[in-house]
Amino acid sequence: MCTLIVRTGRPLTLMGVRDEFADRPWEGPGEHWPEYPGVIGGRDLKAGGTWLAVNPAASRAAALLNGHGAAAAEVSRVSRGDLALRAAYTGELPSADLTRYDPFHLVVADPARVRMLSWDGRRTAVSELPEGTSMVVNSGLDPASERVIAYLPRFEAEPWKELITVEPSSEPGALIVRHDLPDGRVFASLAVMEVTLAPDGVTYDFTDLTADQDR
């Protein structure tokens, strides 16, 4: 996933935009993981994990974004897709050795707080997201990001669902992207999931952006 928007308060709201190669297989939200009963998310069919997991019984969600930094060694690398599942299920940030993972940002949210663990391949950093509306991108909580500059004020002032209806773009500040690469592959925004965590229940709304497009 390449963009996460978080609004604190009652309810706490998250929206994750997943950018990926269009030919990488996936399926929409469901309880796909017997080892994490009750956890819901879209499933990446290549590695088996997810980019945004919801645990309705615990009123908790966890989102995973790729980060910047030093890649893990090829011989020991494992998929990052399990991190959001475990965090949504347990409510805990990972404490084990992270050297097997490529860089990432893992955001864990419940109505009381929103925490982010960032791993750059060498060191970790844990922070709490501030009150109000925040955007997390591949460079973290980065106010200099062109996407954040273009869209954070809009997410603070406009209905979120309207902001994902724009035409895909290859511009650096685009929220919904499409890059037609020289080798013929397409890297694009494939799906959006909006989650609300409230004392009286959890809801999620999934939008498949490929429904009217060729993958």
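Residues numbered from 1 in each chain as written. Predicted model: local features only at pLDDT ≥ 70, side-chain atom pairs only at ≥ 80, totals over all residues. Heavy atoms only, no water.

*Asks:* Describe in detail the nonpolar core, supporting the description with residues and values.
*Replies:* Buried together is how nonpolar side chains tend to be arranged in soluble globular proteins. Residues L4, L14, L52 and V195 are the most contacted members of the largest nonpolar core, which totals 26 residues. Listed by contribution, the elements that provide at least two residues to this core are β1 (3-7), β2 (12-21), β5 (52-55), β6 (60-66), β7 (104-110), β8 (113-119) and β12 (186-198). Per element, the largest residue contribution to this core is 7 residues, and it comes from β12. Filtering out sequence-adjacent residues up to four positions away, V195 remains in contact with L12, T13, L14, L52, V54, A61, V202, T203 and Y204. (Core = buried A, V, L, I, M, F, W, Y, C linked by side-chain atoms within 4.5 Å. Buried < 20%, exposed > 50% of the residue type's maximum accessible area, 1.4 Å probe, protein only. Helix = DSSP H or I, 4+ residues; strand = E, 2+ residues; numbered from the N terminus. Contact = heavy atoms within 4.5 Å.)

*Asks:* Give me the side chain of S189: which residues, what numbers.
*Replies:* Along the polypeptide, S189 turns up in strand β12. Among the polar contacts made by the side chain of S189, one reaches the main-chain amide nitrogen of V177 at a distance of 2.8 Å. S189 has contacts with V17, R18, D19, L175, I176, V177 and L209, leaving out every residue within four places of it along the chain. (Polar contact = N/O pair within 3.5 Å; in protein donor to acceptor, adjacent residues only side chain to side chain.)

*Asks:* Account for helix α2 (residues 146-157), naming residues and giving values.
*Replies:* Within α2 the residues assigned to the buried category are R147, V148, Y151, L152 and F155. The buried side chains of α2 occupy one side of the element, clustering within an arc of 120° when seen end-on. Exposed side chains of α2 directed beyond 90 degrees from the buried face belong to I149 and A157. Turning to α2, the residues buried within the fold contact β1, β2, β10 (133-136) and α3 (160-163). For α2, the capping residue at the N-terminal end is S145, with a side-chain oxygen 3.2 Å from the backbone nitrogen of R147. (Arc of directions from axis to C-beta.)

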